[in-house]
Amino acid sequence: MSYNKYYSEWAYNPLSFWDEKAKDVSWIEPYKKTLHKTDNYYEWFHQGKLNTCYNCVDKHVENGKSDKVAIIYDSPITNTKKKVTYGQLLKQVSSLAASLNNIGVKKGDRVILYMPMIPEVIISMLACARIGAIHSVVFGGFAAEELASRISDVLPKVIISASCGLEPKRIIDYKKILNKALSLTSHKPIKQIIYQREQYLCKLTSENDISWNEFVDNSFSINCVPVDSNDPLYILHTSGTTGIPKGIVRTNGGHAVALLNSMKMTYDISEDDIFWAASDVGWVVGHSYIVYAPLLLGCSTVLYEGKPVGTPDAGQFWRVISEYKVKTMFTAPTAIRAIKKEDADGQELKKYDLSKLQYIFLAGERADPESIKWTMEMTKKPVIDHWWQTETGWSIAGNFPQFGLFDIMYGSTGKAAPGFQVNVLNDKGEKLAPENMGNLVIKLPLPPGCSSEIWNNKNRFYEAYLKKFDGYYDTSDAGIIDKNGYISVMSRTDDIINCAGHRLSTGSIEEILTQHQDVAECAVVGFNDELKGQVPIGLIVLSTSSMNSENTIIKETINLVREKLGPVASYKKSIVVENLPKTRSGKILRSTISKILNKEDYKVPATIEDINTLELIKCLKV
Ligand code: COA
Ligand code: AMP
């Protein structure tokens, strides 16, 4: 079937389309209604009962796939390779779930996972799903304060962590960060379960600390607890326009149906294939495509603990593909840029047999045509850019090999995925003709799998995404749709920047900078970076009372961001300026500042012609 026919089938009758897809999921009790709406809240597969862990693990074991490999763990950073079968996974997940249940963790309780890329993080996610507890994974590159703010938001009954994370040049003492985070919040979980890694054993200091090995009783097991389709499976925080991260809530039913469908529809994967998403479980891509989607399908997923370069070389991605016969891999353009920089003529790549690889998918940030062309030339495989958000949980647009790929257009993220109707609106909410740049929006209802709620704040979802354009979800991305339906995502419409595929709120960095006693005001903007796409840089105005040298203040502000937000922010540059360019009403002209610093064409907005243009130029000259 062609893409057009498939898309039309969905558009003609979305509910029957999704009913058909829902048959691939095992339900404990059938749902009563395909789509149920209350106010601005959409619920797919209303009142159905299921268990996501059952669908990811037990079901495959019951179907005779106990010896099939579920997880391929490959860690060049520790020189470890390990395979976990579905049968082994079931035992380990069930024992942890039972042990959690024994200390009182039950359906609806939250469990924070602050863990590196080891099989135990997947086991923990599934164990929570098994007993209906809601997991909330926190990325390892965040600082203690960020971890603390997530603890305060979700109030976990238990935290599961590890003794350390491993970065190429250093060991990250997770326990120290966790201890600090706990000292910053008044919430006290009943247990901190710590997986001790042999590379670094930490001290268990609090009376609530317990090692994973001591905690998990392997003789215990527990059956899957039925949960409602609309019960949350997980909460994953992402950057919003304020300093307070948004806890995106993902519910069980729609998620299982959408992700299972996407494995075939988007990635052309079947049960016997090997799938690899080279991301981190701390991000949505890791949740959806390292863990849930491949396991829902019952194929084998690769869990890679390493970097595209430096662990130890630029050939590791190709090694993994060749060693495990990966059919479809998924990474961020920044990883490709890193590899290309170190291995421009593909010497490393040529060492490996990539014959089983069929597709490379990219997402997370705008893919520059040069990187796509280089990868296609080197690997002779199609490189497919597809558009994603934490909120949607699966790709909004792409190119769908299952139907025969349509022509790849550099700079475009392909056409809308069946399930999504994407439009371009101007700021007044009027539809724009093809080829015009505007707000990329999705017509409601969003398909199964997409979030409809922010944890602890139902109204924030409406305020952030639904209020601006009646009847549409506002993606906060700006872009163009051409006359053939190709979508190009050009930039964000809010203050989010994309650094190495990670989403950062410049507002939250500004909040940190202004905590420095010598900073009177500041503006943080994205600065173009060859490797990471964008990195944040801060313009700071010093308070008149400041007695410290500029160099000291610059160093301190850089350290402050690292300490409070984390190294993942890649905040390496503060620039001292005398003033910040502002509108008459006092609004800082961030996008103009960004253009000036990036040496792009800029205009002083007409509405503020009295702005002192020299002030802007001064920034450029610093
Ligand atoms: N735990 C602790 N620290 C972490 C971390 C983690 N899980 N992940 C990153 N960090 C730290 C790094 O050590 C680095 O610290 P440093 O400033 O002391 O060097 C900092 O955060 C920035 O890390 P990173 O963004 O990984 O940059 P890098 O310069 O080390 O590596 C790339 C550059 C391109 C190789 C790397 O960014 C990369 O692999 N990007 C792909 C990202 C990705 O897959 N995103 C998917 C989203 S879909
Ligand atoms: P995150 O929620 O962290 O996955 O970030 C989502 C944001 O990343 C989107 O809103 C886009 O701004 C950007 N993004 C993701 N995928 C793409 C892509 N393929 N092309 C351009 N931008 C993308």
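Since the model is a prediction, treat every value here as computed from it, not as a measurement.

> Tell me about the site of ligand 1, residues and numbers included.
Looking at ligand 1, there are 23 residues lining it, with E167, R170, K307, K532 and R562 nearest. Within the side chain of R562, a nitrogen or oxygen atom sits 2.8 Å from an oxygen atom of ligand 1. Considering ligand 1 on its own, with 930 Å² of exposed area, one finds that the protein chains cover 82% of that surface. Split into classes, the residues belonging to the shell around ligand 1 amount to 10 nonpolar, seven polar and six charged.

> Which residues make up empty space enclosed by the protein, and what are the values?
Tallied over the entire structure, the rule returns five cavities of 30 Å³ or more. What lines the largest cavity is a set of 23 residues, and nearest its centre among them are Y42, W44, C450, S451 and S452. Put simply, the parts of the chain that give the lining of the largest cavity at least two residues each are β2 (41-46), β15 (246-251), α9 (252-265) and α14 (458-466). For the lining of the largest cavity, the element with the highest residue contribution is β2, accounting for four residues. Broken down by class, the residue content of the lining of the largest cavity amounts to 11 nonpolar, nine polar and three charged.

> If you had to explain the site of ligand 2 to someone new, which residues and values would you point to?
Close to ligand 2 lie 15 residues; D385, T390, D477, R492 and R503 are nearest. Between ligand 2 and D385, the relevant distance is 2.8 Å, taken from a nitrogen atom to a side-chain nitrogen or oxygen of the residue. R492 is positioned such that a nitrogen or oxygen atom in its side chain is 2.7 Å from an oxygen atom of ligand 2. Summarising the interface, the protein chains cover 93% of the accessible area of ligand 2, which totals 500 Å² for the free molecule. A class-by-class count of the residues in the shell around ligand 2 yields three nonpolar, six polar and six charged.

> Outline the layout of surface pockets, listing residues and values.
Of the voids in this model, the second largest pocket is the one considered here, and its volume is about 320 Å³. Residue assignment for the lining of the second largest pocket shows that the elements contributing at least two residues are α3 (52-62), α9 and α10 (284-297). Examining the composition of the lining of the second largest pocket, we find that four residues originate from one element, α9, more than from any other. Partitioning the lining of the second largest pocket into residue classes produces five nonpolar, four polar and six charged.

> Talk me through the sheet that holds strand β25 (residues 472-481); I want residue IDs and the actual numbers.
The four strands are arranged β23-β24-β25-β26 in an open sheet whose pairing can be described as antiparallel. Among the strands making up the open sheet, the edge pair consists of β23 (422-425) and β26 (487-492). This sheet shows a mean twist of 50 degrees between the axes of neighbouring strands, independent of strand direction. Bridge count for β23 against strand β24 (residues 438-443) is four bridges, and the pairing is antiparallel. Across the sheet, residue L425 finds its bridge partner in β24, namely N439.

> Explain the domain arrangement of the chain residue by residue, including any values.
By a widespread convention, an interface's size corresponds to the accessible area lost as its parts come together. Domain boundaries in the chain define domain 1 (83-225) and domain 2 (500-618). The gap between the C-alpha centroids of domain 1 and domain 2 is 36 Å. Interface area, domain 1 with domain 2, both sides summed: about 670 Å², of which 52% is carbon and sulfur. Between E145 and K564 there is a salt bridge whose closest N-O contact spans 2.6 Å. Counting across the interface, domain 1 meets domain 2 through three residue pairs in polar contact (both at pLDDT 80 or more). The element best represented in the side of domain 1 that touches domain 2 is helix α6 (residues 144-154), accounting for three residues. Of the residues assigned to the side of domain 1 that touches domain 2, the class counts are four nonpolar, one polar and four charged.

> Explain the pairing of β2 to me, and be specific about the residues and the numbers.
β2 sits mainly inside the fold: six of its six residues count as buried. A loop of two residues connects strand β1 (residues 33-38) with β2, the two strands running antiparallel in sequence, and D39 in this loop sits at a positive phi of about 50 degrees.

> Tell me what's going on with unusual backbone geometry, and back it up with residues and numbers.
Excluding glycine, residues mostly carry a negative phi; peptide bonds, for their part, are mostly trans. Note that the residue after T311, namely P312, is joined by a cis bond; omega there is -5 degrees. Here P312 is to be found in the loop between β17 (300-304) and α11 (316-324). In this chain, L444 is followed by P445 through a cis amide linkage whose omega measures 0 degrees. Even without a glycine there, the phi angle at S570 is positive, about 50 degrees. Tracing the backbone through its elements, the reader meets S570 in the loop between α16 (550-564) and β31 (573-577). Here S570 falls in the buried class, since its relative accessible area comes to 8%. A positive phi angle, near 55 degrees, is found at K599, a position not held by glycine. Within the secondary structure layout, K599 lies in the loop between α17 (590-597) and α18 (613-621).

> Outline the packing of α3 against helix α4 (residues 86-102), listing residues and values.
Running from N to C, α3 and α4 point in directions that differ by 130 degrees, and their axes come no closer than 8 Å. Classed by the angle they form, the pair α3 and α4 counts as oblique. Judged by the sense of rotation from one axis to the other, the crossing of α3 with α4 is left-handed. Residue-level inspection shows C53, C56, V57, D58, H60 and V61 of α3 in contact with α4, the latter providing Y86, G87, L89, L90 and V93. Of the residues contributing to the contact of α3 with α4, the split by class is eight nonpolar, two polar and one charged.

Quick notes on the rules
- For every chain, the first residue of the written sequence is number 1, and numbering continues from 1 along that sequence.
- Chain labels run from A onward and ligand labels from 1 onward, assigned in the order the entries are written.
- Totals for whole chains, interfaces and linings use all residues, but because this is a predicted model, local features are given only for residues with pLDDT of at least 70 and pairs of side-chain atoms are given and counted only at 80 or more.
- Computation of side-chain values covers all heavy atoms of the structure but excludes hydrogens and water.
- Being near a molecule or strand, for a residue, means having at least one of its heavy atoms within 4 Å of it.
- Counted as a polar contact is a pair of N or O atoms within 3.5 Å, where, for protein atoms, one must be capable of donating a hydrogen and the other of accepting one, and residues adjacent in sequence contribute only when both atoms are in side chains.
- All accessibility values rest on the Shrake-Rupley procedure with a 1.4 Å probe; residue burial counts only the protein chains present in the view.
- Residues are grouped as follows: Ala, Val, Leu, Ile, Met, Phe, Trp, Tyr, Cys and Pro are nonpolar; Asp, Glu, Lys and Arg are charged; every other residue, Gly included, is polar.
- Every definition here rests on a 1 Å grid over the protein atoms only: cavities are sets of points where a 1.4 Å probe fits but cannot get out, pockets are open sets enclosed by protein on both sides within 12 Å along at least five of seven lines, and lining residues have some atom within 4 Å of a point.
- Grid points are joined across faces, edges and corners, and a volume is the space filled by probe spheres set on the points.
- Helix numbering and strand numbering both begin at the N terminus, where a helix is a DSSP run of H or I of at least 4 residues and a strand a DSSP run of E of at least 2.
- In this scheme, strands are said to pair when DSSP sees at least two bridges between them.
- Here an axis means a line fitted to C-alpha atoms, over the contact stretch when the element is a helix, while the angle between two N-to-C directions is reported on a 0 to 180 degree scale.
- Residue ranges assigned to each domain were obtained from an automatic or database domain assignment.
- The buried area of a pairing is the accessible area, by a 1.4 Å probe, that goes missing from both parts when the two are put together, added over both.
- In what follows, salt bridge is the name for a side-chain nitrogen of Lys or Arg lying within 4 Å of a carboxyl oxygen of Asp or Glu.
- Partly exposed describes any residue whose relative accessible area lies between the buried limit of under 20% and the exposed limit of over 50%, with all areas from a 1.4 Å probe on protein chains only and scaled to the type maximum.
- Small angles under 35 degrees read as roughly parallel and large ones over 145 as roughly antiparallel, with 65 to 115 read as roughly perpendicular and the rest as oblique.
- Here a crossing is called left-handed whenever its near helix is offset anticlockwise from the far helix by less than a right angle, and right-handed whenever the offset is clockwise.
- The contact criterion used is simple: two residues touch if any of their non-hydrogen atoms lie within 4.5 Å.

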